[in-house]
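Reading the structure
Okay, here's what each chain looks like letter by letter:
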Amino acid sequence: MQRRSFLRNTGLTLAGLSLLNKQTLASFLEDPAWKIRMLTDDIGIFTEKGGTIAFLLTKKGIVVVDAQFPDTAAHLIEELKKKNKKPFKYLINTHHHGDHTGGNIAFKGLAEHVVAHKNSKANQLRVAAEQKLAADKFHIPDITFGEEGWTTKVNKETIMAHYSGAGHTNGDAMIHFQKANIVHMGDLVFNRRHPYIDKTSGADIANWIILLDKAIATFDAKTQFICGHAAAGYDVVVKATDLKAFGDYLGNVLKFTESEIRLGKTKEEILKAKEIPGSPEWKGDGIERPLAAAYAELAVK
Ligand SMILES: [Zn+2]
Ligand SMILES: [Zn+2]
C-alpha cells in the first residue's frame, strides 16, 4: 500500500518532466507492475507509470490513446498483441507531456498513424529540441487537427477528438469513443489530485473551467471519463460529477489566490497554503503548483 501511494505520488511529481528523465524515473520506480482493466468488451485501460493509456481492440485494428514511456509502452504493445493480431491503426496523443508521449517511439513502424492537436505536435517538437533528443528517441504525430477536431471510424466504433482551447496545456484533446460512450480526458482531469498546470505550454485555468463545463454539456451522466492521473485511493475512471468537482476545484484555486493577492500576501506566502478552501478533498503533495500557476495567470491580468 505504501509503495503504491509512493508510486502514484512520484508519478505526479514527475508528470511534467521531460523524456530524458525517464531513466531516473524508472530507477526510482523499480519496474512496477502494469495493470490492464477492460471497461467494455473491446475498450480497456493500461496503467503502469505516467498517464493512463486507453485502447480499443477491433477485428479491423487497434487504437491506442497515449503511450506513457518507452519501456511501459513496450509492455502494453506485448499484451495487446496477445489479445489481437490486427495492426495498430492509430496512436492518439491527448497532449505532449513526456508521461503521455515518451512511449510514442515504441510505436514507430508499428502504428500506421500518430494523431494529435497541432499545438501538441508543436510542443513535442519544442521539447525534443530543448532536450536535444536524437531522432530515434521521439516520434511525432503525422496527422494533426485544429479547432475543428478530428474523427475516424474503426470497425464499428467512431472516434472523435474534441478541442476546446487551452487547459492543462494549449494542446489537450478529449478523445471520445462514441459508441462505447467513453472519453479519454488526458490530463484535463486529475481526480482528487493537485494538477500540473503547464504555463510554459500555454495552460489557461480560466478556460480549463469553461472547457470542463463544455465537456459535461457535450457528454452525459453515463459517460465514463478516463483521467490521466488520480490520487491514491481514487479511480482514474470517473463520471461527469467528478469533472464538475474538478472544475469547482480549479475555480476555488483561482478564487483563493485572488483573495490572497488582494490581502497583500506575497507569492511565497500564498504557496504555503495547506488546502484549497472549498475543495478539501484535494490533499497531498503538489498544492504549490496550481497556486503558482494561478498566481501567474492572475498577475498577468
Ligand atoms: Zn500526465
Ligand atoms: Zn500532462
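See the structure printed just above.
In this report, the structure presented in the accompanying data block is examined. (Residues numbered from 1 in each chain as written. Chains lettered and ligands numbered in written order. Predicted model: local features only at pLDDT ≥ 70, side-chain atom pairs only at ≥ 80, totals over all residues. Heavy atoms only, no water.)

A short note on the overall build of the protein
Note the cut-off: Labels follow the DSSP assignment, with helices taken as runs of H or I lasting at least four residues and strands as runs of E lasting at least two, numbered in each case from the N terminus. Whether two residues touch is decided by their heavy atoms; if any such pair falls within 4.5 Å, the residues are in contact. Accessible surface area values rest on a Shrake-Rupley calculation with a 1.4 Å probe, where residue burial reflects the displayed protein chains alone.
The helix and strand inventory of the protein stands at nine helices and 15 strands. The contacts in the protein between residues at least 6 apart in sequence include a share of 66% that link residues at least 24 apart. In the form shown here, the protein has an accessible surface area of approximately 13,100 Å², with 54% of it arising from carbon and sulfur atoms.

Description of the pattern of salt bridges
Here is the rule: Just to be clear on terms, a salt bridge is a Lys or Arg side-chain nitrogen sitting within 4 Å of an Asp or Glu carboxyl oxygen. For every residue, the accessible area obtained with a 1.4 Å probe (protein chains only) is divided by the maximum for its type, and the residue is called buried under 20%, exposed over 50%, and partly exposed between those limits.
This model, assessed by the stated rule, comprises twelve salt bridges. Its salt-bridge partner being Asp235, residue Arg37 comes within 3.0 Å of it at the nearest N-O pair. Here Asp235 lies in the loop between strand S14 (229-230) and strand S15 (237-238) and Arg37 lies in strand S1 (residues 35-38), a separation of 198 residues in the sequence. When its relative accessible area of 35% is taken as the criterion, Arg37 is described as partly exposed. For Asp235, a relative accessible area of 34% translates into the label partly exposed. Here Glu79 ties to Lys82 by a salt bridge, and the two come within 2.9 Å at their closest N and O atoms. Separated by three residues within a single helix, Glu79 and Lys82 lie in helix H3 (residues 70-83), roughly one turn from each other. Owing to a relative accessible area of 57%, Lys82 belongs among the exposed residues under this scheme. Connected through salt bridges with shared partners, the residues Arg192, Asp242 and Glu281 form a single ionic network.

Examining the coordination of the zinc ion (ligand 2)
What counts is decided by this rule: Sites may look incomplete because water is not among the atoms; the donors themselves are N, O and S atoms within 2.8 Å of the metal, or within 3.2 Å for Na, K and Ca. Irregular is the default label, applied whenever a site is not tetrahedral (four donors, all angles between 85 and 135 degrees) and neither square planar nor octahedral (four or six donors, opposite donors over 155 degrees apart, all other angles between 65 and 115).
Distances from the zinc ion (ligand 2) to its protein donors, His95 (NE2), His97 (ND1), His168 (NE2) and Asp187 (OD), fall at 2.1 to 2.2 Å. Around the zinc ion (ligand 2), the four donor atoms sit at angles spanning 89 to 167°, and that spread fits a shape best called irregular. Distance-wise, the zinc ion (ligand 1) is placed 3.5 Å from the zinc ion (ligand 2), both being coordinated by Asp187. Highlighted residues: His97 in the loop between strand S5 (88-92) and helix H4 (98-101) and Asp187 in the loop between strand S11 (182-184) and strand S12 (190-191), separated in sequence by 90 residues. The same class applies to His97 as to Asp187, namely buried.

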